[in-house]
Amino acid sequence: MTTSATSGTGPADPAGPTENSLRRALKRARDGVALDVSEAAVLLQARGEHLDALTASAARVRDAGLEAAGRPGVITYSKSVFVPLTRLCRDKCHYCTFVTVPGKLRRAGHGMFMSPDEVLDIARKGAALGCKEALITLGDKPEDRWPEAREWLDAHGYDDTIAYVRAISVRILEETGLLPHLNPGVLSWTDFQRLKPVAPSMGMMLETTATRLWSEPGGPHHGSPDKEPAVRLRVLEDAGRSSVPFTSGLLIGIGETYEERAESLFALRKVARAYHGIQELIIQNFRAKPDTAMRGMPDAELDELVATVAVARHIMGPSACLQAPPNLVDAEYERLIGAGIDDWGGVSPLTIDHVNPERPWPQIEELAAKSRAVGFELRERLCVYPEFVKRGEPWLDPRLRPHVAALADPATGLALPDAPVVGRPWQEPDEAFTASGRTDLHTAVDTEGRTSDRREDFDEVYGDWAALREAAAPGMAPERIDTDVRAALATAADDPTRLTDDEALALLHADGPALDALCKVADDVRKSAVGDDVTYIVTRNINFTNVCYTGCRFCAFAQRRTDADAYTLSLDQVADRAEQAWEVGAVEVCMQGGIHPDLPGTAYFDIARAVKARVPGMHVHAFSPMEVVNGATRTGMSIREWLGAAKEAGLDSVPGTAAEILDDEVRWILTKGKLPAATWIEVIETAHELGLRSSSTMMYGHVDQPRHWLGHLRTLAGIQQRTGGFTEFVTLPFIHTNAPVYLAGIARPGPTVRDNRAVTAMARLLLHPHIPNIQTSWVKLGTEGAAEMLRSGANDLGGTLMEETISRMAGSSYGSYKSVKDLIAVADAAGRPAKPRTTLYGPVPEERQRAARDSDGHLPQLLPVLD
């Protein structure tokens, strides 16, 4: 094969690398020294004795990894069936024969999608032959391009293709016992939440990071929106954030240069190290097919494939799992094993490879014999790799654990070859609301504290800390601000709605006398907007569970179910706490919890109903946008449908928490798996449209900068202008003491007093007149800090809380309860009168005020620890 760029496999220099550069790169690889992109590009061109040396060192790396994994000398495969759910696609890849058009499907007597009966027929036959994987492959979002696809989905009751994929996966699990491995193309974060409960693993080939092959006319991916490299890398990251075991890989020989191929491998390594979620990499060689635009392109030769596998092994390291499809290598199995693969991928005794139909699968017996000839034992695995089977939560949804456990060897995580493949119920775990663990934490956190400052899985659950430090570094550097602060202050005093972004940013950086002047302006605006009253609410926080596997790096509240501080309340305990709160004058319960893997999506409805049944007059302010998305995806409902059902169950308003900073640059450092900013906005705007008001929040002082605060506040103001649904804005200073991202040395130790004053003041100015109420947090700032914020533009003190576990677990030292008298004293310290309010800032009935006065200050006696 030639080495010209036009051949699709090499750089423009036809001479290739020099002998010295090859020897130098080979020595570094042999010595285990980390390679860079240029060295990897050189090694991709190794041939002859150089290639032999490269593959020998790659094989040693692979063997060390297999030894460490406890399966030395084992090469794996998955016994599968291939289900081409639909061959329609919105993309136009120039090498693809899998995709077709509606007319051809009709002429061949096929529907736009395979019917459930057709899918289940294949799956049942596969199960009878001992297959354990249903590889579900389909085109990207066909309904976006083809009206016929949209019509089919509508006629069969599916909102979109993902809904059908989810539904058919459940039927495969329940009626055949096969485990679905999903290849639906580009997925959003929300799509992953929808599909994770029905499939142990998913996949999508990266193919290449060479943007020009997508952007330039004539390129193999030109005209295919889902093949933009940045989009596909985002999918890989979202899979990692969602704790989905994910398969990816490269398609080599489609026009990329050696350097571009090397860059693609390094991009895959970066994602794998950041999230630990890439379960395998497929290195696939391009094969030209008739009737495609690239039919004249030469195939990627075997040496290209062998060299790429060997370089991938050196880059990805010993623990990576590397696969080369056995039907695309012309029976040269020993060369691929020698280059460092440890897996042959899916092999079907029943179905063809619909992506490469001209290339039949080898017989499993033949594959075993060829592997044995070079010293390897062929062993069957499941679609989800052994490492993830043994990891368990959060990588396997509880509803899938029985299905996987029935087919997996618990000692190795590999498949049990003779396990019966039969359908099993796909259902929610039993007894979701059984009280367990440290249910007294709401009081004990103030008297005894937490058991330890971090979870035992601190080094694994949050992703790769070193990669995170690298990603966080740019955001930690403040920007120079040249805008005139005095002019900005004049604008703010005259009309804060006229503040430009540059002026606002200058004021967010203000300090000294300029900060004092800013706070005075904000306080004046506060007085004109809402008067002097400092409002507060008699409320109780009820955190019904702290079991959570989302992986938020700022959160010290979340625990694994086995951790000493983990707990879950029963429905009766939730209702008891709400009733106790009512008896002492509360008008609201604020209920939020961790994303407990065992809680069904309907659990939130049960919680709301339990409170309303016990205390009909109590305002239920509950369920963050993250919980809303969790509930919707677990039930298969849309966000709108789920919120409507929650409202019917008794939900009155939603907390605008889980916002942190509405900038994904910051969010993906703060959290591994929480919802993206756009999804948070979608949930909040949908709630407002349904008549569910919400608060709004911002957590600041970690890896953020004033420019992020500005963007966040502008976003909230925009939402309010569209919906009018926010009741208040709540400042949430980052509590660093026990926060994982701080303990790892990445975040700052919370905001300074200057930061708190500037944020409060600028929230008043930038949200004016759209959000009139600015709340400060006594639980995070203490009495004196809260009083200072009341002099800086705030007008609300939040609630009595009665119990507060989240901030206290993070290390807040200001307790969990403030009496009404305490809150009035804070207002007094600011020189202002205090006034009770409801959730929606209305007047509090006299009966509620009297109950609060009569019990004020005696909550420890009136609210005993619940057994």
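Owing to the predicted nature of the structure, the values given are computational and were not obtained by experimental measurement.

For the rest of this paragraph, the subject is the nonpolar core. Core analysis: the largest hydrophobic core is formed by 127 residues, its most contacted members being Met591 and Trp680. Ignoring any residue separated from it by four or fewer positions in sequence, one finds Trp680 in contact with Pro625, Gly656, Thr657, Ala658, Ala659, Leu662, Leu675, Leu716, Ile719 and Phe726. Counting residues in hydrophobic clusters, the runner-up holds 121 residues, among them Leu187, Val306, Val311 and Val329.

All right, on to the pattern of salt bridges then. A complete count under the given rule lists 57 salt bridges for this structure. A salt bridge links Arg757 to Asp516; its shortest N-O distance comes to 2.9 Å. With Arg757 in helix 31 (residues 753-766) and Asp516 in helix 22 (residues 512-530), the pair connects residues that are 241 residues apart, well separated along the chain. Arg757 gets classed as buried once you look at its relative accessible area, which sits at 15%. When its relative accessible area of 43% is taken as the criterion, Asp516 is described as partly exposed. A salt bridge links Arg722 to Glu685, with the shortest nitrogen-to-oxygen separation between them at 2.5 Å. Here the residue Arg722 occupies a position in helix 29 (residues 706-723), and Glu685 occupies one in helix 28 (residues 677-689), the gap between them amounting to 37 residues. By sharing partners, the salt bridges in this structure join Arg47, Glu256, Arg261 and Glu304 into a single network.

Further remarks concern the pairing of strand 3 (residues 179-183). For strand 3, the tally of buried residues reaches four of five residues, placing the bulk of the element in the interior. Strand direction decides the pairing type here: strand 3 and strand 4 (residues 201-203), joined by two bridges, are parallel. Its bridge partner lying in strand 4, His181 is registered against Ser201. The parallel pair strand 3 and strand 4 is bridged by helix 8 (residues 189-195), and the resulting crossover is right-handed.

The next point concerns the packing of helix 26 (residues 639-649) against helix 28. For the pair helix 26 and helix 28, the least separation of the axes is 10 Å and the interaxial angle reads 50 degrees. When the axes of helix 26 and helix 28 are compared, the pair comes out oblique. The interaxial crossing formed by helix 26 with helix 28 has right-handed handedness. Along the contact surface, helix 26 presents Ile639, Arg640 and Leu643, while helix 28 presents Glu682, Val683, Thr686, Ala687 and Glu689. Broken down by class, the residue content of the contact of helix 26 with helix 28 amounts to four nonpolar, one polar and three charged.

Time to look at the packing of aromatic side chains. One pass over the structure, following the stated rule, counts 15 aromatic pairs. With centroids separated by 4.9 Å and ring planes inclined at 45 degrees, the aromatic side chains of Tyr158 and Tyr164 adopt a geometry described as tilted. Note on accessibility: Tyr158 and Tyr164 belong to one class, buried. Residues Phe192 and Phe246 carry aromatic rings whose centres are separated by 5.9 Å and whose planes lie at 75 degrees to one another, so their mutual orientation is edge-to-face. Of this pair, Phe192 sits in helix 8 while Phe246 sits in strand 5 (residues 246-252), and the two are 54 residues apart along the sequence. Judged by its relative accessible area of 1%, Phe246 is buried. Three or more aromatic residues joined by ring pairs make a cluster, and in this case those are Phe544, Tyr604, Phe605, Phe623 and Trp642. The residue whose ring lies beneath Arg241 is Trp668, and the NZ or CZ to ring-centre distance is 3.7 Å. Sitting over the face of the ring of Tyr841, Arg837 holds its NZ or CZ atom 4.0 Å from the ring centroid.

Attention now moves to the environment of Glu175. Tracing the backbone through its elements, the reader meets Glu175 in helix 7 (residues 161-175). The class for Glu175 is partly exposed, based on a relative accessible area of 34%. Excluding residues within four positions of it along the chain, Glu175 makes contact with Leu120, Arg124 and Gly423. Of note is the side chain of Glu175, whose polar atom sits 3.0 Å from the side chain of Arg124. One polar contact links Glu175 to Arg171, side chain to side chain, over a distance of 2.8 Å.

Positionally, Arg837 belongs in the loop between strand 21 (834-836) and helix 35 (846-855). Accessibility expressed as a relative area gives 4% for Arg837, which makes it buried. Side chain to side chain, Arg837 and Tyr841 meet in a polar contact 3.5 Å long. If near-sequence neighbours (up to four positions away) are discounted, Arg837 is found in contact with Thr535, Tyr536, Ile537, Val587, Glu728, Gln775, Asp796, Gly798, Gly842 and Val844.

Here we come to the environment of Glu641. Relative to the elements of secondary structure, Glu641 occurs in helix 26. Glu641 sits in the partly exposed class, given a relative accessible area of 42%. Sequence separation between Glu641 and Thr686 is 45 residues; the distance between their C-alpha atoms is 9.9 Å.

Another point: the packing of helix 21 (residues 501-508) against helix 31. Two elements in contact, helix 21 and helix 31, have axes separated by 9 Å at closest approach and are oriented at 150 degrees. Of the possible angle classes, the one that applies to helix 21 and helix 31 is roughly antiparallel. Every residue of helix 31 that contacts helix 21 at Ala504, Leu507 and Leu508 is listed here: Arg754, Ala758, Met762 and Leu766. Within the contact of helix 21 with helix 31, the residues separate by chemical class into six nonpolar, no polar and one charged.

In this structure, the amide linkage connecting Glu393 to the following residue, Pro394, adopts the cis form with an omega of 5 degrees. Among the secondary structure elements, Pro394 is positioned in the loop between helix 15 (386-391) and helix 16 (401-405). Put simply, His768 and Pro769 share a cis peptide bond, and its omega is -5 degrees. One can find Pro769 in the loop between helix 31 and strand 19 (774-775). Even without being a glycine, Ala658 presents a positive backbone phi close to 65 degrees. Along the chain, the position of Ala658 falls in the loop between strand 16 (653-654) and helix 27 (664-670). Note on Ala658: relative accessible area 6%, which makes it buried. A positive phi is found at Tyr841, a non-glycine position, where the angle reads about 65 degrees. With respect to the secondary-structure elements, Tyr841 resides in the loop between strand 21 and helix 35.

Along the chain, Cys552 falls in the loop between strand 12 (539-543) and strand 13 (567-568). With relative accessibility at 10%, the residue Cys552 sits in the buried group. Distance in space between the C-alpha atoms of Cys552 and Ala739 is 9.4 Å, their sequence separation being 187 residues. Contact partners of Cys552, with chain neighbours within four places excluded, come to Tyr462, Leu670, Thr671, Lys672 and Lys674.

Before going further, it helps to examine helix 28. Turn by turn, an α-helix covers 3.6 residues, leaving residues three or four places apart pointing in a common direction. If you check helix 28, its first and last C-alpha atoms are 18 Å apart, about what 13 residues at 1.5 Å a residue would give, namely 18 Å. Most of helix 28 is tucked away: 10 of the 13 residues are buried. Of the residues making up helix 28, those classed as buried are Ala677, Thr679, Trp680, Ile681, Val683, Ile684, Glu685, Thr686, Ala687 and His688. Residue Gly691 follows helix 28 closely and has a positive phi angle near 85 degrees.

Relative to the 18 Å expected for 13 residues at 1.5 Å per residue, helix 5 (residues 116-128) spans 18 Å between its end C-alpha atoms, a close match to the ideal helical length. Among all positions of helix 5, only Pro116, Val119, Leu120, Ile122, Ala123, Gly126 and Ala127 are buried. In a view along the axis of helix 5, the buried residues occupy a sector of 160 degrees, so they form one face of it. The exposed residues of helix 5 that point more than 90 degrees off its buried face are Asp117 and Ala128. Looking at the residues trailing helix 5, positive phi occurs at Gly130, about 90 degrees.

Mean pLDDT over the protein works out to 90, with 90% of the residues at or above the 70 mark. Predicted confidence for residues 1-13 stays below pLDDT 50, and this span has 39 contacts to residues more than four positions away or in other chains. Low pLDDT, under 50, characterises residues 860-867; the stretch is placed with 17 contacts to residues that sit more than four places away or in other chains.

Definitions and limits used
- Residues numbered from 1 in each chain as written.
- Predicted model: local features only at pLDDT ≥ 70, side-chain atom pairs only at ≥ 80, totals over all residues.
- Heavy atoms only, no water.
- Core = buried A, V, L, I, M, F, W, Y, C linked by side-chain atoms within 4.5 Å.
- Buried < 20%, exposed > 50% of the residue type's maximum accessible area, 1.4 Å probe, protein only.
- Contact = heavy atoms within 4.5 Å.
- Salt bridge = Lys/Arg side-chain N within 4 Å of Asp/Glu carboxyl O.
- Helix = DSSP H or I, 4+ residues; strand = E, 2+ residues; numbered from the N terminus.
- Pairing = 2+ DSSP bridges.
- Right-handed = clockwise from strand over helix to strand, strands pointing away.
- Axes fitted to C-alpha atoms, helices over the stretch in contact; angles between N-to-C directions.
- Parallel < 35°, antiparallel > 145°, perpendicular 65-115°, else oblique.
- Left-handed = near helix turned anticlockwise from the far one by under 90°.
- Nonpolar A, V, L, I, M, F, W, Y, C, P; charged D, E, K, R; others polar.
- Phe/Tyr/Trp six-rings, centres within 6.5 Å; stacked < 30°, edge-to-face > 60°.
- Lys NZ or Arg CZ within 6 Å of the ring centre and 35° of its normal.
- Polar contact = N/O pair within 3.5 Å; in protein donor to acceptor, adjacent residues only side chain to side chain.
- Expected span 1.5 Å × (residues − 1).
- Arc of directions from axis to C-beta.
- pLDDT = per-residue confidence, 0-100.

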